[in-house]
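What the coordinates show
What follows is the residue order along each chain.
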Amino acid sequence: MGRVPYVAVSALSHPGLLRERNEDSLVAGPWTLCATVTENPQTLAFPLGTPLVVAVADGLGGHPGGEVASALVARRIAAIGPALSGEEAVRGALHACNRAVYDAAGGDEGGELAAMGTTVAGVVVQPENLMVFNVGDSRVYRASPDGLSQVSTDDSLPLEPGRRATSVVTQCLGGSPTHREVRPHVTTESLSSGDRYLICTDGLTDPLPTDVLDKVLREHDDGRAAFELWKAAIEAGGPDNITVAVVRVGRE
């Protein structure tokens, strides 16, 4: 018998040390974590075949309804994930998610949810390739023997050199009282057995430089890497919600 290709996902989500609640959400295939707390990574395995979505959504900090917006997007992406077989399908899904956030906020005109919004970043894994997508400043990295490289595109104002404070998001899903179109970033990469990707919210990348992320991923396997990344962000002050997913393509 031949070896069966699979996708392993190790993930956790935590509020950090300064936020009262977790406004991050996560999706891995049909599985979602929304506004919950996990200190131990959950590891899931999926057959490589039908498009598999793994993504994080970061509700806008300081805005009421951030956790509502991120959960709405995570659950919607989980529901339509198996149909995302090309870049246009992914773009269409992100436009639909944007509209859904505005529609959900529209019934609360002038209320707490009126300007709720969320970032989103993730991958769609297919047998021969992987699509990377994002709106906002949550990130996707490729971990290779040559090092860690960011493959998503930040929608944020550049920070001053040497400063790793929270950035200002220039584009997100929802986030304003009136509807605004988004311009999703979607790219396609070839895929081979052993490839690993890191998907995370800025609660990980704001306090930790890229070389720290790279070192952890080089030294640990998937589940331990997710835990050690979270631990490093906590030790760096845990200034924001932290959500991490390590995705690996392998063969049994």
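Quick caveat: nothing in here was measured; it's all calculated off a predicted structure. (Residues numbered from 1 in each chain as written. Predicted model: local features only at pLDDT ≥ 70, side-chain atom pairs only at ≥ 80, totals over all residues. Heavy atoms only, no water.)

1. Some points on the overall build of the protein chain
Heads up, the condition is: Numbering of helices and strands runs from the N terminus; a helix is a DSSP stretch of H or I covering at least four residues, while a strand is a stretch of E covering at least two. Radius of gyration: C-alpha atoms only; globule rule: 2.2 Å multiplied by the number of residues to the exponent 0.38. Accessible area is worked out with a 1.4 Å probe on protein chains only. A residue is then buried under 20% of its type maximum, exposed over 50%, and partly exposed in between. Contacts are assigned to residue pairs with any non-hydrogen atoms lying within 4.5 Å of each other. Positive charges come from Lys and Arg, negative ones from Asp and Glu, while His and the chain ends are left out of the count. Positions of charges follow a simple convention, taking NZ of Lys, CZ of Arg, CG of Asp or CD of Glu.
Looking only at helices and strands, the protein chain has five helices and 14 strands in total. Its C-alpha radius of gyration of 17 Å places the protein chain within 12% of the 18 Å reference for a compact globule of 252 residues. Along the three orthogonal principal directions, the C-alpha set of the protein chain runs to about 60 × 40 × 30 Å. When each of the 252 residues of the protein chain is scored for burial, the buried share is 53%. Long-range pairs, those at least 24 residues apart, make up 74% of the contacts in the protein chain between residues at least 6 apart in sequence. Charge separation in the protein chain, taken as the distance between the mean sites of 20 positive and 32 negative side-chain charges, equals 4 Å.

2. Quick notes on the sheet that holds strand β5 (residues 52-58)
Backbone hydrogen bonds are what pair the strands of a sheet, in a parallel or an antiparallel way. Our working definition: DSSP calls a pair of strands paired once it identifies at least 2 bridges connecting them. Axes here refer to lines fitted to C-alpha atoms; in helices the fit is confined to the stretch in contact. Angles between the N-to-C directions go from 0 to 180 degrees.
What the six strands build is an open sheet, ordered β3-β2-β5-β7-β8-β12; its pairing is antiparallel. With one partner strand each, in any of the chains shown, β3 (31-34) and β12 (185-190) form the two edges of the open sheet. Adjacent strand axes in the sheet meet at a mean angle of 10°, parallel and antiparallel pairs treated alike. Where strand β8 (residues 129-135) meets β12, six bridges bridge the pair, whose relative direction is antiparallel. Residue pairing for β12: Phe133 is matched across the bridge by Val186. Where helix α1 (residues 66-80) meets the sheet, its contacts fall on β2 (24-28), β3, β5 and β7 (120-125), and the angle it forms with β2 comes to roughly 5°.

3. Considerations on the packing of helix α4 (residues 210-219) against helix α5 (residues 222-235)
Put simply, the test is: Orientation categories follow fixed angle ranges, with anything under 35 degrees roughly parallel, anything over 145 roughly antiparallel, 65 to 115 roughly perpendicular, and all other angles oblique. Crossings are sorted by hand: turned counterclockwise from the far helix by less than a right angle, the near helix makes the crossing left-handed, and turned clockwise it makes it right-handed. Each residue is assigned to one class: nonpolar for Ala, Val, Leu, Ile, Met, Phe, Trp, Tyr, Cys and Pro, charged for Asp, Glu, Lys and Arg, and polar for all the others, Gly among them.
Closest axis-to-axis distance for the α4/α5 pair is 8 Å, and the angle between their directions is 150°. In this view, α4 runs roughly antiparallel relative to α5, as classed from their interaxial angle. The two elements α4 and α5 cross, and the hand of that crossing is right-handed. Residue-level inspection shows Leu213, Val216 and Leu217 of α4 in contact with α5, the latter providing Ala225, Glu228 and Leu229. Tallied by class, residues from the contact of α4 with α5 come to five nonpolar, no polar and one charged.

4. What to know about the environment of Ala245
Checked against the element boundaries, Ala245 lands in strand β14 (residues 242-251). Remark: the alpha-carbon pair of Ala245 and Cys200, spanning 45 residues in sequence, is separated by 6.3 Å. Ala245 has contacts with Val9, Ser10, Ala11, Leu26, Val54, Tyr197, Leu198 and Ile199, leaving out every residue within four places of it along the chain.

5. Examining the side chain of Asn134
Stated formally: Contacts described as polar in this section are N or O atom pairs within 3.5 Å, which, within protein, must combine one atom able to donate a hydrogen with one able to accept it, while residues neighboring in sequence count only if both atoms come from side chains.
Residue position: Asn134 is located in strand β8. For Asn134, the side chain forms a polar contact with the main-chain oxygen of Thr153, separated by 2.6 Å. If sequence neighbours within four positions are ignored, Asn134 has contacts with Val120, Ala121, Ser152, Thr153, Asp155, Pro184 and His185.

6. Details of the sheet that holds strand β1 (residues 5-14)
Read across the open sheet, the six strands follow the order β4-β1-β14-β13-β9-β10; overall the sheet is antiparallel. The open sheet terminates on both sides in strands that have one partner only, identified here as β4 (42-47) and β10 (147-150). Ignoring which end each strand starts from, the neighbouring axes of this sheet average 20° apart. Where strand β9 (residues 139-144) lies against strand β13 (residues 196-200), five bridges are found, and the strand directions are antiparallel. Its bridge partner being in β13, Val140 is matched across the sheet by Ile199. Sheet contacts for α4: β9, β10, β13 and β14; angle to β10, the most-contacted strand, approximately 130°. Relative to β1, α5 is tilted by about 20°, and along the sheet it contacts β1, β4, β13 and β14.

7. Observations concerning α5
Here is the rule: A helix is expected to span 1.5 Å multiplied by its residue count minus one.
For α5, spanning 14 residues, the distance from its first C-alpha to its last is 20 Å, which sits close to the expected 20 Å at 1.5 Å a residue. Among all positions of α5, only Asp222, Ala225, Ala226, Glu228, Leu229, Trp230, Ala232, Ala233 and Ile234 are buried. On its buried face, α5 is in contact with β1, β13, α3 (202-205), α4 and β14.

8. Quick notes on the pairing of β9
Taken residue by residue, a regular strand's side chains alternate between the two faces of the sheet. Alignment of β9 against β10, held across four bridges, turns out to be antiparallel. When the bridges of β10 are listed, Ser144 appears paired with Gly147. Hairpin connection from β9 to β10: two residues lie between these consecutive antiparallel strands.

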